[in-house]
Amino acid sequence: QHPLTGRYAAKEMRELFSEQRRIGLWRRLWLALAESERELGLTQVSDQALSQMRAHLDDIDFEKAAQHEAELRHDVMAHVHTFGALCPAAMPVIHLGATSCFVTDNADLILMREGLRLLLAKLRGVMAAFAEFARREAGTACLGYTHFQVAQPTTVGKRATLWLQDFLLDYRELSRLEAEM
């Protein structure tokens, strides 16, 4: 397991980028695909198929998927078969008309967007804390630094506003990325 997804990641990020969440998204994308195909008149997509898919979105047997993957040598098809075993009426239409990238790329984009939203929420909290700190320490004298050496006198509050400015720039960039996804 990568340290950034285990040891150092926040609980919310670990849950967001977990296999359970990712494969659950694949299944939701397959359901949305089947619903759209049905809406467009594809008679192969039955009510029973859709209801079976809805009933088993999060019932993921990772052991069974690993067995299928060892046999099929394809991660997406392994999960098609694992899902299809729970939804026999849907098996013929689970991945109908889609490429593997339909589920992998779209799920990854959804996870990245949700990750950005988590970061933005945390960043708003950090900025609020820095703003309060800057107000509280506006009159506390200290020495400024430039080029790694002591410079003119300033205040702790003024220095905190400079740190806050960096966070604001980060917030704007992450907001732009989230809006464009």
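Quick caveat: nothing in here was measured; it's all calculated off a predicted structure. (Residues numbered from 1 in each chain as written. Predicted model: local features only at pLDDT ≥ 70, side-chain atom pairs only at ≥ 80, totals over all residues. Heavy atoms only, no water.)

Participant: Give me the nonpolar core: which residues, what numbers.
Facilitator: The biggest cluster of nonpolar side chains holds 27 residues, and the ones touching the most others in it are Trp-26, Trp-30, Met-53, Phe-83 and Ile-94. For this core, the elements supplying multiple residues, two or more each, are α1 (11-16), α2 (19-39), α3 (47-55), α5 (75-86) and α6 (100-136). With seven residues, the single largest contributor to this core is α2. The contact partners of Ile-94, leaving out residues within four places of it in the chain, are Trp-30, Leu-33, Met-53, Val-80, Phe-83 and Gly-84. Counting residues in hydrophobic clusters, the runner-up holds eight residues, among them Leu-123, Met-127, Tyr-171 and Leu-174. (Core = buried A, V, L, I, M, F, W, Y, C linked by side-chain atoms within 4.5 Å. Buried < 20%, exposed > 50% of the residue type's maximum accessible area, 1.4 Å probe, protein only. Helix = DSSP H or I, 4+ residues; strand = E, 2+ residues; numbered from the N terminus. Contact = heavy atoms within 4.5 Å.)

Participant: Please set out the pattern of salt bridges residue by residue, giving values where relevant.
Facilitator: The final tally for this structure, using the stated rule, is twelve salt bridges. Between Arg-21 and Glu-114 there is a salt bridge, and its shortest N-O distance comes to 2.6 Å. A residue pair is termed long-range when its members are at least 10 positions apart, and Arg-21 in helix α2 and Glu-114 in helix α6 qualify at 93 residues. For the salt bridge of Arg-28 with Asp-58, the shortest nitrogen-to-oxygen distance reads 2.8 Å. Of this pair, Arg-28 sits in helix α2 while Asp-58 sits in the loop between α3 and α4 (62-72); the two residues are 30 residues apart in sequence, bridging distant segments of the chain. Given a relative accessible area of 42%, Asp-58 falls into the partly exposed group. The network of salt bridges with shared partners includes Glu-173, Arg-176 and Glu-180. (Salt bridge = Lys/Arg side-chain N within 4 Å of Asp/Glu carboxyl O.)

Participant: Pulling in residues and values, what's your account of the pairing of strand β1 (residues 141-146)?
Facilitator: As paired strands, β1 and strand β2 (residues 149-155) are joined by five bridges and run antiparallel to one another. Residue Ala-141 lies in a different strand from β2, and its bridge partner there is Thr-155. Hairpin remark: β1 followed by β2, antiparallel, with two residues in the connecting loop; positive phi at His-147, about 50 degrees. (Pairing = 2+ DSSP bridges.)

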